[in-house]
Amino acid sequence: MKLFLTGGFLGSGKTTAIQQASLQLLQKGSRVAVITNDQGEQLIDTRLIRGANIPALEVSSGCFCCKYDQLEHSIRLLQDVYQPEIIFAEAVGSCTDLVATIVKPFLQFHPNLEVVVSVFADAHTLPILIQDSRLFADNVNYIYKKQLEEADVLVITKIDLLTAAQIGEVKQLMHKHYPGKVTLYQNSFDGEDIQHWLETLNSFQLQDKRASLELDYDKYGAGEAELAWLDKEIEIYTSTGNALTLGYTLLNSIYAKVKEQEFPIGHLKFLMDDGILQKRISFTAADQPAAAPDYKDAGIKNLHMFINARVQAEPDALQRLVADAVAALRTQPGCSIVEGEMAAFQPGYPAPTHRIED
């Protein structure tokens, strides 16, 4: 069995690529499954993967390295139930040191398991972050660069949003900073690009030559502590049948308030479920306009909404910001809101179950 371990910073496009790759494999008759991962417990990514009828389990409340036993147990469960040929394991976007804490332990304890590490990077923010921009705090940038350093395969995503000249600049930058790395430039909604990624993973050979990162765990832990996690679930009810429009009003309000406070965005994710269709809206560190609905809001009176916010801020400040946006939505005519579970926190100091150095 093959384990395609997928890392990369928040908002780099990991989930989209995994979903598209899994669907392509399933259409060809391959058996595939997914394991998602997050510091929180209300994972939009898991709902998105399962909503596409892809077998999925999740490792929550901590990164793979600190929840190694849970990851191992999830793999065994998927093997018992689905006998997958391939498992995609998507590491939380603030995690690094995957080779020392996941790959090498798996190769030691499960030598028949083939493990390949892809690390994703958003083509928009990559040039800013690897050239020491002040987009995030220094310790957060440290995590970002360490993620890229340990990749077997670097996947530069969202190239469809760049001009040919901009893509050329990104390629020059990658050649300068990461010469010799296997690097792909990918639009994850392009079937040929996804197929090329899968072919690259399937043919990768460097199983016994990986170097563990030289990693300052104090800087790593400090970088994670700079980030606030917020997970929230709400139900929007309206007598006027415009619940979807109100959902967009809420998510755009939260995004605008985060920008007003100048909180650097790792990833703002919103999942809206009207009982028939699911819609995910995402904002990242790149400048983006407000989200515009691509539908006609026709008679939807009830909307289930999930919020996953990963922002460089204090958790209390992020919680107040979201609460203010929800309170403002309550003033809309005919609108009532039921608030479900909510958590706001900072990740704890990383404490891997195993760490095998060179």
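Structure's up top.
Residues numbered from 1 in each chain as written. Predicted model: local features only at pLDDT ≥ 70, side-chain atom pairs only at ≥ 80, totals over all residues. Heavy atoms only, no water.

Draft legend 1. Quick look at the packing of aromatic side chains. If you walk through the whole model with that rule in mind, you get 10 aromatic pairs. Seen from their ring centres, Y255 and F283 are 3.9 Å apart, and the 10° between their planes marks the pair as stacked. Taken together, the positions of Y255 in helix α10 (residues 243-260) and F283 in strand β10 (residues 278-283) put the pair 28 residues apart, joining distant regions of the chain. Relative accessible area serves as the criterion here: at 5%, Y255 is assigned to the buried category. One aromatic cluster is present, built from ring pairs that chain together F4, F88, F120 and W197. The residue whose ring lies beneath R47 is F306, and the NZ or CZ to ring-centre distance is 3.8 Å. One residue, K171, lies across the ring of Y185, its end atom 5.1 Å from the ring centre. (Phe/Tyr/Trp six-rings, centres within 6.5 Å; stacked < 30°, edge-to-face > 60°. Helix = DSSP H or I, 4+ residues; strand = E, 2+ residues; numbered from the N terminus. Buried < 20%, exposed > 50% of the residue type's maximum accessible area, 1.4 Å probe, protein only. Lys NZ or Arg CZ within 6 Å of the ring centre and 35° of its normal.)

Draft legend 2. Geometry of the packing of helix α6 (residues 138-149) against helix α9 (residues 217-225). At their nearest, the axes of α6 and α9 sit 7 Å apart, and the two run at 110° to each other. Put simply, α6 runs roughly perpendicular to α9. You can see that α6 and α9 cross each other, and the crossing is left-handed. Contacts from N139, V140, Y142 and I143 in α6 reach K219, Y220, A222, G223 and E224 in α9. (Axes fitted to C-alpha atoms, helices over the stretch in contact; angles between N-to-C directions. Parallel < 35°, antiparallel > 145°, perpendicular 65-115°, else oblique. Left-handed = near helix turned anticlockwise from the far one by under 90°. Contact = heavy atoms within 4.5 Å.)

Draft legend 3. Quick look at the sheet that holds strand β12 (residues 335-345). Pairing is antiparallel across the open sheet formed by five strands, whose spatial order is β10-β9-β11-β8-β12. Every other strand in the sheet has two partners, leaving β10 and β12 as the edge strands with one partner each. Direction aside, the axes of adjacent strands within the sheet are offset by 15° on average. Sheet topology note: the strand β8 (residues 227-238)/β12 ladder contains nine bridges and is antiparallel. Within β12, the residue paired with E235 across the bridge is V338. (Pairing = 2+ DSSP bridges.)

Draft legend 4. Layout of the pattern of salt bridges. Counted by the stated rule, this structure contains 14 salt bridges. Two residues, R210 and D152, come together in a salt bridge whose shortest N-O distance is 2.7 Å. Of this pair, R210 sits in the loop between α8 (191-203) and α9 while D152 sits in the loop between α6 and β6 (153-157); the two residues are 58 residues apart in sequence, bridging distant segments of the chain. For the pair formed by R210 and D152, the shared burial category is buried. Between D231 and R310 there is a salt bridge whose closest N-O contact spans 2.8 Å. Highlighted residues: D231 in strand β8 and R310 in strand β11 (residues 302-312), separated in sequence by 79 residues. The residues D231 and R310 share a single accessibility class, namely buried. The network of salt bridges with shared partners includes D38, D231 and R310. (Salt bridge = Lys/Arg side-chain N within 4 Å of Asp/Glu carboxyl O.)

Draft legend 5. The environment of L277, seen in detail. With respect to the secondary-structure elements, L277 resides in the loop between β9 (265-273) and β10. Placed 77 residues apart in sequence, L277 and H354 show a C-alpha to C-alpha distance of 41 Å.

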